[in-house]
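Residue-level listing of the chains:
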Amino acid sequence: MAGTISRIRLENFMCHSSLHIELGEHVNFITGQNGSGKSAILTALCIAFGSRAKSTQRAATLKDFIKTGCSHATVVVDINNQGEDAFKPEVYGNLIILERRITESTSSTLLKDQHGKKVAHRKDDLNEIIEHFNIDVENPCVIMSQDKSREFLHSGNDKDKFKFFFKATLLQQVNELLETIRDQLNNADSIVQELEKSIKPVMRELDELREKIKNMEHIEEIAHDIDNLKKKLAWSWVYGVDKQIEEQTVKLQKFKERIPACQERIDRNTAVIDELKKELIEKEEIVNSLRDKTREVNMMKKSMEDKIAEVVKQTIELEAEHERGTRMLEKMNVQLKKLQAQLRDFQTQHMQLTQAEASQIEEDMKEIQGEIDNLHSSVTRLREEEKKFSEELSGIQKSITDITKVITENDNRFQQLKSQIDDLQHRQSNKVTAFGGPRVLNLLKTIESSYRRFKSPPIGPIGAHLKLASEFWSVAVDCACGRLLDAFIVSCHKDLQILRECANKVNYGYLQIIIYDFTRPRLLIPYHRLPTTEHPTVLSVIQSENDTVVNVLVDQGNAERQVLVRDYEVGTSVAFDSRIQNMKEVYTADGYKMFSRGSVQTILPPYKNRRAGRLCSSVGEKITELINEANGIERIKLEKSAQRRKLVSDQQNLEQKITSLKRKRGPEEHRLANKKVQLDDAKRASAENNSYTAVDTTELEEEIKQEKIDIEQKELLLQKTSVRLTATIQDVNDKKASYKTFMDSMNAETGSFSSANDELDAANRKLDAAQQEKTHYEGLMKTKVLPDIKMAEAEYANLQQLRQESFKKASVICSESDLEALGHVAGSTPEQLSAKINRLKQRLDQESRRYSESIDDLRALHDKKERKIFKKQQLYAGFRVKLNSCQNALDLRWKKFQRNAGLLKRQLTWLFNEHLGKKGISGFINVDYKNKVLSVELTMPQDASRDTVRDTRGLSGGERSFSTLCFTLALHGMTEAPFRAMDEFDVFMDAISRKISLDTLIDFAVAQGSQWVFITPHDISMVKPGDRVKKQQMAAPRG
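Residues numbered from 1 in each chain as written. Predicted model: local features only at pLDDT ≥ 70, side-chain atom pairs only at ≥ 80, totals over all residues. Heavy atoms only, no water.

*Asks:* Now, about the pairing of strand β2 (residues 16–22): what can you tell me, with residues and values included?
*Replies:* Inspection of the sheet shows strand β1 (residues 5–13) paired to β2 by six bridges, in the antiparallel sense. When the bridges of β2 are listed, L10 appears paired with L19. (Pairing = 2+ DSSP bridges. Helix = DSSP H or I, 4+ residues; strand = E, 2+ residues; numbered from the N terminus.)

*Asks:* Explain helix α14 (residues 547–557) to me, and be specific about the residues and the numbers.
*Replies:* Owing to its 3.6 residues per turn, the α-helix brings residues three or four apart onto one side. Burial within α14 is extensive, with eight of its 11 residues counted as buried. T548, V549, V550, N551, V552, L553, V554 and G557 are the residues of α14 that are buried. Elements that come into contact with the buried residues of α14 comprise α11 (474–481), β10 (488–490), β11 (513–515), α13 (538–541), β12 (542–543) and β13 (562–565). The N-terminus of α14 is capped by N546, whose side-chain oxygen sits 2.9 Å from the backbone nitrogen of T548. (Buried < 20%, exposed > 50% of the residue type's maximum accessible area, 1.4 Å probe, protein only. Contact = heavy atoms within 4.5 Å. Polar contact = N/O pair within 3.5 Å; in protein donor to acceptor, adjacent residues only side chain to side chain.)

*Asks:* Tell me about the sheet that holds strand β19 (residues 979–983), residues and numbers included.
*Replies:* Pairing in this open sheet of five strands is parallel, and the strands run β8-β19-β20-β3-β21 from one edge to the other. Single-partner strands in this sheet number two, and they are β8 (143–144) and β21 (1029–1033). Inspection of the sheet shows β8 paired to β19 by two bridges, in the parallel sense. Considered in β19, the bridge of M144 is made with M982.

*Asks:* Describe in detail the environment of L329, supporting the description with residues and values.
*Replies:* Relative to the helices and strands, L329 is located in helix α8 (residues 200–352). In the structure, L329 is positioned 385 residues away from K714 in sequence and 6.5 Å away in space, judged by C-alpha atoms. Excluding residues that lie within four positions of it along the chain, L329 makes contacts with I711, K714, E715 and L718.

*Asks:* So what's going on with unusual backbone geometry? Residues and values would help.
*Replies:* Backbone geometry follows two general trends: most residues other than glycine have a negative phi, and most peptide bonds adopt the trans configuration. At the junction of G460 and P461, the peptide bond is cis and its omega measures out at -10° in the coordinates. Locating P461 in the fold gives a position in the loop between α10 (438–449) and β9 (467–468). The backbone of M14 shows a phi angle near 55°, a positive value even though the residue is not glycine. Its place among the elements puts M14 in the loop between β1 and β2. With a relative accessible area of 21%, M14 lands in the partly exposed category.

*Asks:* Break down a negative patch on the surface for me, citing the residues and quoting the values.
*Replies:* Taken together, the side chains of D274, E275, E279, E282, E284 and E285 present a region of like negative charge at the surface. Structurally, the position occupied by D274 is in helix α8. Overall, the relative accessible area of 42% leaves D274 in the partly exposed class. (Patch = residues over 30% accessible without salt bridge, like charges linked within 9 Å, V, L, I, M, F, W, Y side chains within 5 Å. Areas by Shrake-Rupley, 256 points an atom, 1.4 Å probe, with all protein chains shown as cover. Salt bridge = Lys/Arg side-chain N within 4 Å of Asp/Glu carboxyl O. Lys, Arg positive; Asp, Glu negative; His and termini not counted. Charge placed at Lys NZ, Arg CZ, Asp CG, Glu CD.)

Next up, the structure:
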């Protein structure tokens, strides 16, 4: 069998000068007295197969194995190399000769073939043979020396048994190997961590350099903008001239269109004038012939008209004189009647005023005064009641106004809640609608249909790519980020234009679009640039798998500088009391915004209309909360409405009472006013009665008499005027009749003259009008149309020349195709562009003074450091990946090791019970890997109660030795080796136990088929001889 030992030769080794031992292929017994050198054979095997001196527990160094008085020692072991498991049979043949030579200073190993020819001498070659045949001489199940027998087999210590089991099953070797690997991985991890930490200062320098370059890029952008604006300015002059040329062309065309219209008017008026001149000559001849005939008639007519006019004038004067006399007479009669009536009134009044009437007037005044007092008291009472009700009405109206205001506020809040509930319900079906409403869904569909047009698909809305570490901060983060959550991110300006077109298609106005580099990795914010506070920032509470979204929130929203606090008081303390570096703003959990700029401290309340908490994932709970709040507001509205209806009813009752009082008060006041007037009249009458005296009427009677005389004289004069008027009217009528007869006779003769004269006048007027119109259009053509055209053509030529000059100058600066790439200049005048260039130049000068280095040098330095850091990061990342792979492999092997340890424990118990069963004993082996103990539980056949003996020390010596032997055989059954050796395994056994043990060992060895070497100082005559059992006796030690 390949791997077994056929012969062992020792020379000057320990107590042997020269020893040759031939071993059989199966069971070998070596016996002899103590001191005969039996154990030296096993020690020689261990040394030959590479064990260290300390491992044998027989010497400290190899030179201690050299026999006293000798200079060297040699151990030669012949290993069988036959069969299908042979090791390199073409090199070694059927036998491998292993020779270990030991001197005072060195030791060497030689490997020879079957003919004694040297094949190899390296230790690796020996290890290859050991691994091929699975020879582990340090395993107690392969070679069990005296010391190991005493340590494991004859010890009742559970920890020693565990050590035996752990070492025999190679678990100890695997465990030590895994622990060594784990320590090495930990050391390697520490080294990698130190390496990773070593690049952080350089990364901070790189961040500072990047920030400086970013600031200087702003200067470069300003210079670039100035160059672009100069190009636009140059071409804006060209486009401005083009616009003027277009306007001048339109203007010139309009001027030229006036010539045909004006000439057509002139020609038309010339033809009309010619026709009117011919007609005018004919009509003038007719009028001249008729004018001679009517001249005499007109003279007669004028004479008759003058006479009629004179008579009519006399008639009018007489009529006016008669009319004045009639009016004067009427006035005199009226005056006479007034004087006569006045005389009668004086006489009647004097007769009626007596003393009795004066007394009656006094009594009436007293009665009226009493009525006035009563009416005044009633009116005062009604006014007080009305005032009282008015005050109550004012209080009710104020309450109604307050309640109406509360109802209105609740209505507004209810509508807001309803809107929020609808919004949240939309969000419940689709989270994206929280960041732009239903229109954002339409936009996303449009983007999806147009995705081939984009260089990189847009990212957005930003809020849909965010999650919160804690929903407690949902309102604060929403207020801090604001409209930025609705924004979209694109990678270039072209994608921005395409996205803007998509937004216009779905009527999504004012869409915020941000251009950002998608390839840029996630920004690492240096610790010294973060706010020095224990409170979280917006950046620390948001989570996103998209690095670009986080970078935009940092670059555009300063998320790393926005601090979040729990309540208002903590917010004011953090924002104003503490001078925290790198902090921009503070947001409370309920949406308050706080910041300070210099000495100015600002606190902004939460936005009323903001849909707060859009990042909140517990939408269902929020909807329930809002519905409960809306129901509460609805109940308050119903209660307030009921209160308002009651107050309105009370208001109407009071208004009815006030109206009733006013209706009552009105007549009373009217009667009071009438009584006061009556009282005043009575007082006046009494005063007049007291001051009345007798009046003399003689003068009045004389006046009446004189008035009558004047009336008679006036009537006589009026009669004379009437006679003269009648005669004059008759004369007028006669002359008018004569004139009418004359006119009737002449009308027939002069009618044709009038019509001819009218026609002549009309023809003259038409001719004048036609001549004026012709003169007007000729002057317009000469003074307006042609000069305007000439001036417009000159201006057009100047503009063309100016356009050529401007085009040459602009082409020198940049081509027109380059300008199209910069964007159109429409909407900007050259003056506006010049002003913008001047402002940018001022900014460029100011910014340039702040930096002394060149941006190209800084970029070169940045790229150099970045490449260096990138290489290190890649190297360290490779280290980290390999470490993680090794750690995962180690964890996997550790799990397999634990699983195999459990399987070995069960296998040990099964094999242990199998060997115990030969004597009717059953047992169980409990292995505790944690505490590193192994205990044996036995149940003896003579024990009627079948109680378990848990400690083998409670057994007899033979029983304990047998159980230990069964334990050892169970371990042997679990291990594989081409040969096994046991020294003094039966030292503490009695004869019966030794016989049973030997029989058991021989049966197990024969059944297993491997080579066994048993060394014992006892008699083995009870062992049955056979083909598979070989006995050898060592010579007695020399005195």
